[in-house]
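Architecture at a glance
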Amino acid sequence: MLPRFEYYAPQDVLEACARKAAGAKPVAGGTDVFVNMHAGKEHAGKIVDLKGLEALRGQQLTAQGLDLGALTTHRDIEVREDIRGPYYALFQGCSQVGSVQIRCRATLGGNILNGAPSADSVGPLLVHGAQAVTIGPAGERRIPLEKFYKGFKQFDLLPEELLARIFLPLPPDCAGSAYFKYTRRGAMDLALMGVSAYVEVREGILEHVRVALTTAGPTPMRSYAAEEVLEGQAVSDALLTRAAEAAAAEGKPRSSWRSSAEFRTRLIHDVTVQVLHEAVRRAGLPPERKAKAIPQRLYPGQIGKEGPRDANG
């Protein structure tokens, strides 16, 4: 049973900001907050419900990029094929959150502000250059998502501010992205390790590369070391393997009852090889094919493999 709490349903954003500043806990989908309250892990005497705020809703894809309201659900992203093509890693991440029922309620804003290092949508948002747009009495602020995280469950968000929107620039036709989530079972499981990659490939040269790791530290993180290995270099199997080695050396996973740090470090390496190859392959597809799945394969550099082959042998 949920503990007793005061419930507020504000009519506008500034009222919601004032309630938050006064100590109320913001709730959108509630898929984490209410579960944690029921389990006694979260103690919120006041709840401010954001679902009725139109300023936090909507998805708009323009020539400049993708503007997402913080109340956008994972299912909203999963079913939009016009979003899937240019932002394939985001589609992959959002479509693997919980069950369909959870994805119909859980929001991108909530996934970001829950602060879990394993958040499936955050790695893809990082590699697509997302900006967090906050709103409060003083107006809006735009913050690169990698700088929005200040530590474990700590954010560049003032007490009187809300996360209003997330903006992702539009990738060029030569871009590709990928996300891979390693789990112990096939569905409804947290990532033991997640890796996202975004690349632009022009005449065989890698540009504007971004790699992100989840469950590799206290927050989702960019792997700047892997990006440095790749930026401006010609695509090759050996190069992608060196980048994976750099990512594994940069990650700082911890041991838990779910997995050892050593196993997670090996996962960073092999999963990074996987997503880099898939991102490069997608970058080479024409725009009308970028929304199609690429069959998974095993690649050079992955454990026990000497060359690319189908995953089923």
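1. Here's the deal with the overall build of the protein chain
Broken down by element type, the protein chain carries 12 helices and 16 strands. A compact globule built from 313 residues should have a C-alpha radius of gyration of about 20 Å, and the protein chain, at 20 Å, falls within 12% of that. When its C-alpha atoms are laid out on the principal axes, the protein chain stretches across 60 × 45 × 30 Å. The buried share of the protein chain, reckoned over its 313 residues, is 53%. Sequence separation of at least 24 residues holds for 61% of the intrachain contacts in the protein chain that already meet a minimum separation of 6. Working note: accessible area of the protein chain is about 14,300 Å², and carbon and sulfur atoms make up 53% of it. Within the protein chain, the 35 negative side-chain charges are centred at a point lying 5 Å from the centre of the 39 positive side-chain charges.

2. Details of the sheet that holds strand S11 (residues 175-182)
In spatial order, the strands read S11-S12-S13-S14; together these 4 strands make up an open sheet with antiparallel pairing. Since the sheet does not close on itself, it has two edges, and those belong to S11 and strand S14 (221-222), each with one partner. Relative to S14, strand S13 (residues 205-214) is paired through 2 bridges, and the arrangement is antiparallel. Following the sheet pairing, Ala212 is matched in S14 by Arg222.

3. A few points about the sheet that holds strand S4 (residues 59-61)
Judged by pairing direction, the sheet is antiparallel, and its 5 strands sit side by side in the order S4-S5-S10-S6-S7 without closing on themselves. Two strands close off the open sheet at either side, each with one partner strand: S4 and strand S7 (139-144). Mean inter-strand twist for the sheet, computed between neighbouring axes without regard to direction, equals 20°. Pairing of strand S6 (residues 131-136) with strand S10 (residues 162-169) involves 5 bridges; the strand directions are antiparallel. In the strand pairing of S10, Ile135 is matched with Leu162.

4. Quick look at the pairing of S7
Where S6 and S7 come together, 6 bridges link them in antiparallel fashion. Counted as the bridge partner of Val133 is Arg142 from S7. Connecting the antiparallel pair S6 and S7 is a turn made up of 2 residues.

5. Thoughts on the packing of aromatic side chains
Tallying each qualifying case throughout the model produces 6 aromatic pairs. Seen from their ring centres, Phe148 and Phe155 are 5.7 Å apart, and the 35° between their planes marks the pair as tilted. Each of the two residues, Phe148 as well as Phe155, counts as buried. Between the aromatic rings of Tyr182 and Phe263, the centroid separation amounts to 5.9 Å while the plane-to-plane angle is 70°, which identifies the pairing as edge-to-face. Of this pair, Tyr182 sits in strand S11 while Phe263 is found in helix H12 (residues 261-283), placing the two residues 81 residues apart along the sequence.

6. Some details on the side chain of Ser95
By the secondary structure assignment, Ser95 is in the loop between helix H5 (88-94) and helix H6 (100-103). If we ignore the near neighbours within four places in the chain, the residues touching Ser95 are Glu78 and Arg103.

7. Considerations on unusual backbone geometry
In this model, Lys153 sits at a positive phi of 55°, which is unusual for a non-glycine residue. For Lys153, the position within the fold is in the loop between strand S8 (149-151) and strand S9 (154-155). Unusually for a residue other than glycine, Glu203 sits at a positive phi of about 55°. Following the sequence through the fold, Glu203 ends up in the loop between strand S12 (193-202) and S13.

8. A look at the side chain of Asn111
Following the sequence through the fold, Asn111 ends up in helix H7 (residues 108-113). For Asn111, a relative accessible area of 14% gives the class buried. Here the side chain of Asn111 touches Ser121 through a polar contact of 2.6 Å, side chain to side chain. Look past the residues within four positions of Asn111 in its chain and what remains in contact with it is His74, Ala119, Asp120, Ser121 and Val122.

Parameters and conventions
Residues numbered from 1 in each chain as written. Predicted model: local features only at pLDDT ≥ 70, side-chain atom pairs only at ≥ 80, totals over all residues. Heavy atoms only, no water. Helix = DSSP H or I, 4+ residues; strand = E, 2+ residues; numbered from the N terminus. Rg over C-alpha atoms; globule rule 2.2 N^0.38 Å. Buried < 20%, exposed > 50% of the residue type's maximum accessible area, 1.4 Å probe, protein only. Contact = heavy atoms within 4.5 Å. Areas by Shrake-Rupley, 256 points an atom, 1.4 Å probe, with all protein chains shown as cover. Lys, Arg positive; Asp, Glu negative; His and termini not counted. Charge placed at Lys NZ, Arg CZ, Asp CG, Glu CD. Pairing = 2+ DSSP bridges. Axes fitted to C-alpha atoms, helices over the stretch in contact; angles between N-to-C directions. Phe/Tyr/Trp six-rings, centres within 6.5 Å; stacked < 30°, edge-to-face > 60°. Polar contact = N/O pair within 3.5 Å; in protein donor to acceptor, adjacent residues only side chain to side chain.

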